[in-house]
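Remarks on the overall topology
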There are 2 protein chains.
Amino acid sequence: MPVRAERIAADIEAIGRMTHSPGNGADRPTFSSAWRQARDHFLAEAERAGCHCRIDAAGNVHARPRGVAWSRRVWLSGSHLDSVPHGGDFDGVVGVVAALEVLRAAHEDGRADLPLEAIVFAEEEGTTFGLGMLGSRGWAGTLDAAGLAAVRNRDGRNYWEAGVDHGAVPDRLVAERLQAASYAGFIEVHIEQGPAMWKHDRRVALVTAIAGRRQYAVTLRGTANHAGSTGMNDRHDALAGAAEVIAAVECLPDLLGDHAVATVGRITVSPNAVNVIPASADLTVDLRAPDDHALDHGDERLRAFVASAALRRGLGHEVAQTESLPAVRLDEGLADRVRSAAERLGLSPLPEAVSGALHDAAILAPLVPTVMLFVASRDGISHNPAEFSRIDDVAEATQLLADVVRNVPDAF
Amino acid sequence: MPVRAERIAADIEAIGRMTHSPGNGADRPTFSSAWRQARDHFLAEAERAGCHCRIDAAGNVHARPRGVAWSRRVWLSGSHLDSVPHGGDFDGVVGVVAALEVLRAAHEDGRADLPLEAIVFAEEEGTTFGLGMLGSRGWAGTLDAAGLAAVRNRDGRNYWEAGVDHGAVPDRLVAERLQAASYAGFIEVHIEQGPAMWKHDRRVALVTAIAGRRQYAVTLRGTANHAGSTGMNDRHDALAGAAEVIAAVECLPDLLGDHAVATVGRITVSPNAVNVIPASADLTVDLRAPDDHALDHGDERLRAFVASAALRRGLGHEVAQTESLPAVRLDEGLADRVRSAAERLGLSPLPEAVSGALHDAAILAPLVPTVMLFVASRDGISHNPAEFSRIDDVAEATQLLADVVRNVPDAF
């Protein structure tokens, strides 16, 4: 059941052309026309590879060989096709294509009974509705229909309104929820999105943990005033306060130990005029660390330095936690199966890694035995049109996935 | 020729109601419908007060008593009616209403020959087209028709396209340019927009200088990357670099001496997503000081610290000066006339001030003898819906203006 790198390359290129910003990276917000094109490409390829497909109530696509009934216990593998604005062609796509390619290789070999279900999760990135992994959360039951009705995209449409033409149906969400017992395990192939593997010439790595993430909306409120006639000591400048917070956020990981990172990715200032002292600044903070104690400590420090900057400057302030996802240890038993597959394929010892990024795997891990396989990202560039991974590395991860799925004497 | 505070109050209230953001401050971008309403209010009141009116090619409105021919040499007084977004009801309006009230008082007294022209300058604030004092610059000839064709509002329309329905005509700009010999002097009444006068209980002050202003567009360019999987040492975060620049701009005035101020009022970040390291940040810098040497020094320091932050962080950078207006000394002879008027009215000694804000007066000062009268701003709040000045103080400034204009034995 050899996987074919040229088919993987052709899929990645084809999906890369499905974007709202041609020539300027992937732009496939969930439920947009470009996203739908990419999902339709997956469906067409899966059907050509002898699969039957279904879309669950949260909008995720599932595909199995026709010889494998929906009731049968199987392996699960896949990822997402949505992208950040001006993102890359590999993020998410690689994991969808890897699962698809294993199904295609099985079809070529006449294995209509391969116990593998490929999945395309709807909305992973979080840039469309302000909260990530909505498809996997909806399916896993960690977010209910009301929760998905509360998030809105830039057009002001909530998840259900935006998804109605793409199979998302609130009424069936509970009935079609993930049945954990139906899956032997979930293996998500994904690009690393960081520079460590590329730097050390590691092509594929086994991910044993996913860092936890806390996200915050920080608001500072000062006084709009004339930039020319208000002395420096008479100001309550929300943006100057925000700059202090951004600098402190950048120093925060040093206090929290290895693998911690913190980012202010978004800022909005009002009135945002060249000659008016900013009256308000809204910024986001994204804080990640591989253990929950570090996250707790980061939370405390963040609140303390926002309060202190605000107090010193006479600014109003708010720090609202908008998301909290715990650090996740992945499944040791499934990790051992991957290590054995690596040995069979001559890839042993397989490098191991911690994921700084969150993935749908983090949502499924508490319910289904889960691991991830990382593929090296050139120079660690991701969420960027320059994102690149070697097709041979993707093919190697795909071969590992195929080997795990094929060798299942004791999994069912 | 007594001026009437209740008429002044009624005008300010009426114009305050002409806004695109009712209940949330003045929003009268130049050439918008709210701005046009306010200008029409001025025209109707001037005509009721026995004036003839004209609109010059730059879109400024002029009004004189019908007994005073357009060819006659007169005093000039006025200000602007456009506002920043969510600005106050007094900025600009006070100076227009003061000139209007002097014309009304003269009309009541049957003085159809009062040598005063009231003026409403089009576009002073700079928030509509990204550059301020366009009406006065166009009329004074410091900006030509091509220059006004180069600026665009948020709808993408340039000054002429936006102004065509409001009397702005590029073809006549040169022919209708300000003839300096036609004016004995220009007196602009304006709110202080800073806290100094209110703090020291000064109601009206004579302005003897206007600080110079330099404005800059600063761009920092880094690399968009994943906020979770990119270690802190592998980042080129444009917003973290911008925060450093904002902090340095805030410290800049300390190096430049008394009355210097510096502001970052606007920032735009791309892609501006919670989980993506910012790839680029565009910010504006507004730097003011009462002498040009201080401005030169500030320019050098700004360029140096932007370059140093960019170098240290591996960011691309640009610092483009978008505006340079020299510091302006106002006219000593005209200032003496105002001091004499204050003496006649029992307001001597009149407090004196330097304007940190720029005004149309700074554009006219090199061509026509110019002074300003400041009215105290409560707590220095301006460019803000909470902006407030006492009507009695506005009336006192108006009375001073009337007295100067009335006592003109040697001015013509």
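Within any chain, residue numbers begin from 1 and follow the written order of that chain's sequence. Chain letters start at A and ligand numbers start at 1, both assigned in the order the entries are written. With pLDDT at 70 or above as the cut-off, local features in this predicted model cover only qualifying residues; side-chain atom pairs require 80 or more to be listed or tallied, and sums for whole chains, interfaces and linings still use all residues. Water and hydrogen atoms play no part in the side-chain values, which are based on all heavy atoms of the structure.

Some words on the relation of the copies chain B and chain A
Turning one copy of the chain about an axis and sliding it along that axis gives the other copy, so a rotation and a shift relate them. Applied cut-off: A residue counts toward the fit only if its pLDDT is at least 70 in both copies, and the copies are then superposed by least squares on the C-alpha atoms of those residues. By the convention used here, residues are in contact when the closest approach between their heavy atoms is within 4.5 Å.
With an RMSD of 0.1 Å, the fit of chain B onto chain A corresponds to turning through 180° and sliding 0.0 Å along the axis. Here the two chains are linked by the operation of a two-fold rotation axis. Of every C-alpha in chain B, the one belonging to Ala-243 of chain B sits nearest the axis of rotation, 2.2 Å from it. In this assembly, 98% of the residues forming the interface of chain B have copies in chain A that are likewise at the interface, indicating an isologous arrangement.

What about helix H9 (residues 292-313) of chain A?
Formally: Counting from the N terminus, the helices are the DSSP runs of H or I reaching at least four residues and the strands are the DSSP runs of E reaching at least two. Each residue after the first adds 1.5 Å to the expected span of a helix. Burial classes: relative accessible area under 20% of the type maximum marks a residue as buried, over 50% as exposed, and values in between as partly exposed (1.4 Å probe, protein chains only). The arc under discussion is defined with respect to the helix axis, by the directions toward the C-beta atoms. Polar contacts, as counted here, are pairs of nitrogen or oxygen atoms within 3.5 Å of one another; within protein the pair requires one atom able to donate a hydrogen and one able to accept it, and residues that are adjacent in sequence qualify only if both atoms are side-chain atoms.
The end-to-end C-alpha separation of H9 of chain A is 32 Å, in line with the 32 Å expected for 22 residues at 1.5 Å each. Along H9 of chain A, the positions that sit buried rather than exposed are Ala-294, Leu-295, Gly-298, Asp-299, Leu-302, Phe-305, Val-306, Ala-309, Ala-310 and Arg-313 of chain A. When H9 of chain A is viewed along its axis, its buried side chains cluster within an angular range of 150° and face the same direction. For H9 of chain A, the exposed residues lying more than 90 degrees away from the buried face are His-293, Glu-300, Leu-311 and Arg-312 of chain A. Structurally, H9 of chain A contributes buried residues whose contacts are with strand E7 (212-221), helix H8 (238-256), strand E12 (280-289) and strand E13 (316-325) of chain A together with helix H8 (238-256) of chain B. Sitting at the head of H9 of chain A, Asp-291 of chain A places a side-chain oxygen 3.1 Å from the backbone nitrogen of His-293 of chain A. The first or second residue beyond H9 of chain A is Gly-314 of chain A, which carries a positive phi of 65°.

Re the side chain of Glu-125 of chain B
Using the following cut-off: Positive: Lys, Arg. Negative: Asp, Glu. His and the chain ends are not part of the count. Just to be clear on terms, a salt bridge is a Lys or Arg side-chain nitrogen sitting within 4 Å of an Asp or Glu carboxyl oxygen.
Locating Glu-125 of chain B in the fold gives a position in the loop between strand E4 (116-121) and helix H4 (134-140). Buried and without a salt bridge, Glu-125 of chain B has Arg-213 of chain B as its closest oppositely charged side chain, separated by 7.2 Å. When neighbours within four sequence positions are excluded, Glu-125 of chain B is seen to be in contact with Asn-275 of chain A together with His-80, Asp-82, Ser-83, Val-84, Asp-91, Gly-132 and His-383 of chain B.

Observations regarding the domain arrangement of chain A
Residue and element names in this part refer to chain A. Using the following cut-off: Where each domain begins and ends is defined by an automated method or by a domain database. As a working definition, buried area equals the accessible area (1.4 Å probe) given up by two parts on being put together, with both sides summed.
Examined at the domain level, chain A breaks down into domain 1 (5-211 + 327-404) and domain 2 (215-325). On a C-alpha basis, the centroid separation for the pair domain 1 and domain 2 is 34 Å. Residue-level contacts link 11 residues of domain 1 with eight residues of domain 2. Counting the surface lost from both domain 1 and domain 2, the interface buries some 770 Å², and carbon and sulfur atoms represent 56% of this. When the area that domain 1 buries against domain 2 is broken down by residue, the three leading residues are Ala-211, Ala-327 and Leu-358, summing to 51%. At the junction of domain 1 with domain 2, the criterion picks out one salt bridge. Here Arg-137 makes a salt bridge to Glu-323, at a shortest N to O gap of 2.6 Å. At the boundary of domain 1 with domain 2, the tally comes to two residue pairs in polar contact (both at pLDDT 80 or more).

Some thoughts on the environment of Arg-104 of chain A
Residue and element names in this part refer to chain A. As for its placement among the helices and strands, Arg-104 is situated in helix H3 (residues 93-108). Since its relative accessible area comes to 8%, Arg-104 is described here as buried. Residues Arg-104 and Ala-46, 58 residues apart in the sequence, show an inter-C-alpha distance of 7.5 Å. Residues in contact with Arg-104, not counting those within four places in the same chain, are Arg-7, Ile-8, Asp-11, Glu-45, Ala-49 and Val-97. Only 2.7 Å separates the side chain of Arg-104 from the side chain of Glu-45, close enough to count as a polar contact.

Some thoughts on the pairing of E12 of chain A
Each regular strand displays side chains that alternate between the two surfaces of the sheet. Residues and elements named next belong to chain A. Formally: Strand pairing is defined by DSSP finding a minimum of two bridges between the two strands.
Burial analysis of E12 places nine of its 10 residues in the buried class, the great majority of the element. Judged from the 10 bridges that link them, E7 and E12 form a sheet pairing that is antiparallel. By the bridge assignment, Arg-213 is partnered in E12 with Arg-288. Where strand E9 (residues 261-263) meets E12, three bridges bridge the pair, whose relative direction is antiparallel. Paired with Ala-262 across the two strands is Leu-287, which belongs to E12.

A few points about the packing of H8 of chain A against H9 of chain A
Helix-helix packing: each pair is described by the crossing angle between the helix axes and the interaxial distance. All names here are of chain A. So the rule is basically this: For helices, the fitted axis covers only the stretch in contact; all axes are lines through C-alpha atoms, and the angles between them, taken along N-to-C directions, range from 0 to 180 degrees. For classification, angles of less than 35 degrees are called roughly parallel, those exceeding 145 degrees roughly antiparallel, those between 65 and 115 degrees roughly perpendicular, and all remaining angles oblique. Each crossing is labelled by how the near helix is turned from the far one, with a counterclockwise turn of less than a right angle marking it left-handed and a clockwise turn marking it right-handed.
At their nearest, the axes of H8 and H9 sit 10 Å apart, and the two run at 155° to each other. Considering the angle they form, H8 stands roughly antiparallel to H9. For the pair H8 and H9, the crossing hand works out as right-handed. Contact with H8, carried on its side by Ala-240, Gly-241, Glu-244, Val-245, Ala-248, Val-249, Leu-252, Leu-255 and Leu-256, involves Ala-294, His-297, Gly-298, Arg-301, Leu-302, Phe-305, Val-306, Ala-309, Arg-312 and Arg-313 of H9 and no other residues of that element.

Quick look at the interface of chain B and chain A
Test applied: Just so you know the grouping, Ala, Val, Leu, Ile, Met, Phe, Trp, Tyr, Cys and Pro go in nonpolar, Asp, Glu, Lys and Arg go in charged, and all remaining residues, Gly too, go in polar.
Each partner contributes residues to the interface: chain B has 56 residues there, and chain A has 55 residues. Run the count over chain B and chain A and you get four salt bridges. Note that Glu-250 of chain B and Arg-313 of chain A form a salt bridge whose closest N and O atoms lie 2.7 Å from each other. Seen at the junction of chain B and chain A, the total is 23 residue pairs in polar contact (both at pLDDT 80 or more). Those elements that place two or more of their residues in the side of chain B that touches chain A are strand E8 (225-226), H8, strand E9 (261-263), strand E10 (267-270), strand E11 (276-277) and strand E12 (280-289) of chain B. Tallying contributions element by element places H8 of chain B first for the side of chain B that touches chain A, with seven residues. Tallied by class, the residues present in the side of chain B that touches chain A amount to 24 nonpolar, 22 polar and 10 charged.

A short note on the side chain of Thr-128 of chain B
All names here are of chain B. Positionally, Thr-128 belongs in the loop between E4 and H4. Looking at Thr-128, the relative accessible area reads 12%, which means it is buried. Excluding residues that lie within four positions of it along the chain, Thr-128 makes contacts with Pro-29, Thr-30, Glu-123, Arg-152, Asn-153 and Arg-154.

Let's talk about H3 of chain A
Counting along an α-helix, one turn takes 3.6 residues, and residues three or four places apart therefore face a common direction. Residue and element names in this part refer to chain A. Spanning 16 residues, H3 covers 22 Å between terminal C-alpha atoms, matching the ideal 22 Å at 1.5 Å per step. Of all the 16 residues making up H3, 14 are buried; the element is thus mostly covered by neighbouring parts of the structure. Just downstream of H3, Gly-110 is the residue with a positive phi angle, here 70°.

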